[in-house]
Amino acid sequence: MTAGTGRFRRTALLGAVVATALGGGAILVACGTDGQDGAAGGPARLSVADSYIPLPPAGGMAAGYLTVRNDGGRDQLVGVSSPGAESVTMHRSTPSSMEQVTSLDVPAHGALQFSRGGTHLMIMGWQKAPVLGDELELDLTFAKSGTIAVKVPVKELTYRPGQS
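Source: prediction; values computed, not measured. (Residues numbered from 1 in each chain as written. Predicted model: local features only at pLDDT ≥ 70, side-chain atom pairs only at ≥ 80, totals over all residues. Heavy atoms only, no water.)

(A) Representation of the overall build of the chain in the model. Secondary structure summary: the chain contains 1 helix and 10 strands in total. A buried classification covers 33% of the 164 residues belonging to the chain. Element-wise, carbon and sulfur atoms account for 57% of the exposed surface of the chain, whose accessible area totals about 9800 Å². (Helix = DSSP H or I, 4+ residues; strand = E, 2+ residues; numbered from the N terminus. Buried < 20%, exposed > 50% of the residue type's maximum accessible area, 1.4 Å probe, protein only. Areas by Shrake-Rupley, 256 points an atom, 1.4 Å probe, with all protein chains shown as cover.)

(B) A look at the pattern of salt bridges. One pass over the full model with this rule turns up 4 salt bridges. Note that Lys128 is salt-bridged to Asp134, the shortest N-O span being 3.0 Å. Lys151 is the salt-bridge partner of Glu137, the closest N and O atoms lying 3.9 Å from each other. You can see Glu137 sitting in strand 9 (residues 135-142) and its partner Lys151 sitting in strand 10 (residues 146-155), a full 14 residues away along the chain. Look at Glu137 and you get partly exposed, because its relative accessible area is 23%. (Salt bridge = Lys/Arg side-chain N within 4 Å of Asp/Glu carboxyl O.)

(C) Focus on unusual backbone geometry. Here Asp50, not a glycine, exhibits a phi torsion of approximately 55 degrees, which is positive. Among the secondary structure elements, Asp50 is positioned in strand 1 (residues 46-54). The exposure class of Asp50 is partly exposed, given its relative accessible area of 42%. Positive phi is not limited to glycine here, since His109 has a value of about 50 degrees.

(D) Local environment of the environment of Thr147. Structurally, Thr147 is set in strand 10. Judged by relative accessible area, Thr147 falls into the exposed class, the value being 51%. Residues Thr147 and Gly79 lie 68 residues apart in sequence; the distance between their C-alpha atoms is 9.1 Å. Setting aside its immediate chain neighbours within four residues, Thr147 contacts Asp139, Leu140 and Thr141. Engagement of the side chain of Thr147 in a polar contact is seen with the side chain of Thr141, the distance being 3.1 Å. (Contact = heavy atoms within 4.5 Å. Polar contact = N/O pair within 3.5 Å; in protein donor to acceptor, adjacent residues only side chain to side chain.)

(E) Up close: the nonpolar core. The biggest cluster of nonpolar side chains holds 26 residues, and the ones touching the most others in it are Val68, Leu77, Val80, Met90, Phe114, Leu121 and Leu138. Examining the composition of this core, we find that 4 residues originate from one element, strand 9, more than from any other. (Core = buried A, V, L, I, M, F, W, Y, C linked by side-chain atoms within 4.5 Å.)

(F) Looking closely at the environment of Arg116. Checked against the element boundaries, Arg116 lands in the loop between strand 7 (111-114) and strand 8 (119-126). Accessibility expressed as a relative area gives 28% for Arg116, which makes it partly exposed. Between the C-alpha atoms of Arg116 and Arg160, which are 44 residues apart in sequence, the distance is 9.4 Å. Not counting the four nearest positions on each side in its chain, Arg116 is found in contact with Tyr52, Pro54, Tyr65, Leu157, Thr158, Tyr159 and Arg160. Polar contacts involving the side chain of Arg116 include one to the side chain of Tyr52, which spans 3.2 Å. In this structure the side chain of Arg116 is engaged in a polar contact, spanning 3.2 Å, whose partner is the backbone oxygen of Tyr159.

(G) Just the packing of aromatic side chains, in detail. Taken as a whole and judged by the stated rule, the model has 2 aromatic pairs. With a centroid separation of 5.2 Å and 40 degrees between ring planes, the pair formed by Tyr52 and Tyr65 is classed as tilted. Here the residue Tyr52 occupies a position in strand 1, and Tyr65 occupies one in strand 2 (residues 62-70), the gap between them amounting to 13 residues. Among the residues examined, Tyr52 registers a relative accessible area of 4% and is labelled buried. The class of Tyr65 is buried, set by a relative accessible area of 10%. Between Tyr52 and Tyr159, the aromatic rings sit 4.9 Å apart at their centres with planes inclined by 75 degrees, giving edge-to-face as the arrangement. In this pair, Tyr52 sits in strand 1 while Tyr159 sits in the segment after strand 10, placing the two residues 107 residues apart along the sequence. Among the aromatic residues, those joined into a cluster by ring pairs are Tyr52, Tyr65 and Tyr159. Stacked on the ring of Tyr159, the Lys or Arg Lys155 has its end atom at 4.9 Å from the ring centre. (Phe/Tyr/Trp six-rings, centres within 6.5 Å; stacked < 30°, edge-to-face > 60°. Lys NZ or Arg CZ within 6 Å of the ring centre and 35° of its normal.)

Shape descriptors only; they carry no functional weight alone.
Here you go:
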């Protein structure tokens, strides 16, 4: 074997290694799970579970709780309304305050949870005073998935999902 042939083989081998590394990098980028456009995992696949409204005193302001499950790409809850109430707003509680928020993230392959002491809905101006067993329609509007209507039952004040 001559010196020129050995150099050619080393150069060819180096070129093959570089091409493989660059090609593998392109494949890794193409298979990434979270693009900058926020479409992680494709379109969102949303469902609502564990929804309830504790019975408010004398038809006044009430809190609402639910879980938005997502088996797809991320989305954002951008509004909540109800034909049975004047207004429904989203709030986030901290140890020292409660603040209204205009949107909440629904993570890809995750959940957005509204729960006591945390993120919750405030329902005001009921069309008729609620009683135990009533259902209030809530229209949840998402940035990418449009609007989902859910029926939320009015439960006793001490109700907690999953407890008998």
